[in-house]
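# Results of the structural survey
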Amino acid sequence: MRVHKYQSIFAWVNQLRLSPSRVNDFSNCPLLYKYRVIDQLPEAPNLDAERGTLVHTVLHDLFESPAQLRTIQTALHLLPTRWQAQLELKPELAVLVTSEKEWLDRATSLLETYFNLENPTVFEPTHRELHLEHDLSEATYLHGYVDRLDVAPTGEVRIIDYKTGKSPKPSWEDKALFQLRVYALLYWKETNVLPKLLQLIYLGDGNLLKNSPSESDLIATEKTLIQIAEAISFAMESGEWKPRKSRLCDWCSFKPICPAHN
Ligand code: SF4
């Protein structure tokens, strides 16, 4: 049984599959990673995550329109239909969202914040939901989906990720940028082009977090990923998945069964 579960996170070529989210899970708490990735325990829908999905979908579909129609009016026109589609996929959300008006008002506010930060009528996104992948080693496959990747006429590349939460305190900015450094590493490995700008757009408070990655930043990111892959492999072999208590435990679905809290 244990071997069977391990097979689920290894590709058929017996590689460990990593993404920024899963790396984050393991870094935050190895036991959380085990529950989520290896045991694949079910988790109740998270309304913050669902709100993020809704706003991401609207922003993604907004760019389907010709540039001059990428307005707040178009975005707000898309919102109810995208919400209905999400509800059809996850009917249990209807119970969790107690006031649909408040839910859509909050999503509207996030979209309005987006239009305060960017004017999508004046540029063309090159890629949306771009899948990037690379074999970090024979044993580790790394991949991720980029919200948006823009290539300027000059060839300069910027990687964009939308966040529906608030921007982090300065001491957490580096951790927040890790995800985009992984995407930058993947893009660099795939194309040999070093992205010029990484940009996190925080719709929760209207702040931008920008960073220009250097080659040494991305090499350091790759080393960190390799260390984490080794730590995961060690945990699989030893069966030791240590819980790591932090303030994130308050949002963890597995708190009721976690030995660190029982
Ligand atoms: S409750 Fe905390 S310590 Fe336990 S699995 Fe979740 S994140 Fe880890």
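Here goes a summary of the coordinates provided. (Residues numbered from 1 in each chain as written. Predicted model: local features only at pLDDT ≥ 70, side-chain atom pairs only at ≥ 80, totals over all residues. Heavy atoms only, no water.)

## What to know about the side chain of threonine 221
Here is the rule we go by: Helix and strand definitions here come from DSSP, where helices need a minimum of 4 consecutive H or I residues and strands a minimum of 2 consecutive E residues; each element is numbered from the N-terminal end. Note on classification: 1.4 Å probe, protein chains only; a residue is buried when its accessible area is under 20% of the maximum for its type, exposed when over 50%, partly exposed between these limits.
Locating threonine 221 in the fold gives a position in helix H9 (residues 215-238). Under the relative-accessibility criterion, threonine 221 is labelled buried at 5%.

## Brief notes about the packing of aromatic side chains
Counted only if it meets this: Centre distance within 6.5 Å is the pairing criterion for rings of Phe, Tyr and Trp, where only the six-membered ring of Trp is used; planes under 30 degrees apart are then read as stacked, over 60 as edge-to-face, and the remainder as tilted. Counted as over-ring charges are cases with an Arg CZ or a Lys NZ within 6 Å of the ring centre that also lie within 35 degrees of the ring normal.
Taken as a whole and judged by the stated rule, the model has eight aromatic pairs. Relative to tryptophan 241, the ring of tyrosine 33 lies with its centre 5.9 Å away and its plane at 20°, an arrangement referred to as stacked. Of this pair, tyrosine 33 sits in helix H3 (residues 30-38) while tryptophan 241 is found in the segment after H9, placing the two residues 208 residues apart along the sequence. Relative accessible area serves as the criterion here: at 0%, tyrosine 33 is assigned to the buried category. Tryptophan 241 gets classed as buried once you look at its relative accessible area, which sits at 8%. Residues tyrosine 114 and tyrosine 162 carry aromatic rings whose centres are separated by 5.9 Å and whose planes lie at 90° to one another, so their mutual orientation is edge-to-face. Taken together, the residues tyrosine 114 in helix H7 (residues 100-117) and tyrosine 162 in strand E4 (residues 157-163) connect sequence positions 48 residues apart. Like tyrosine 162, tyrosine 114 is buried. Put simply, the rings of Phe26, Tyr33 and Trp241 pair up and form one aromatic cluster. Of note, arginine 158 hangs over the ring of phenylalanine 123, and the distance from its end group to the ring centre comes to 5.3 Å.

## Quick notes on the nonpolar core
Quick reminder of the rule: Here, nonpolar core refers to any group of buried Ala, Val, Leu, Ile, Met, Phe, Trp, Tyr and Cys residues whose side-chain atoms link them within 4.5 Å.
Among the nonpolar cores identified, the biggest contains 44 residues, and Tyr33, Leu142, Ile159, Leu225, Ile232 and Trp241 are the most heavily contacted of them. Counting residues per element, this core draws most heavily on helix H8 (residues 173-191), which supplies 11 residues. Of all hydrophobic cores here, the second largest spans 25 residues; its members include Leu54, Val58, Trp103 and Leu110.

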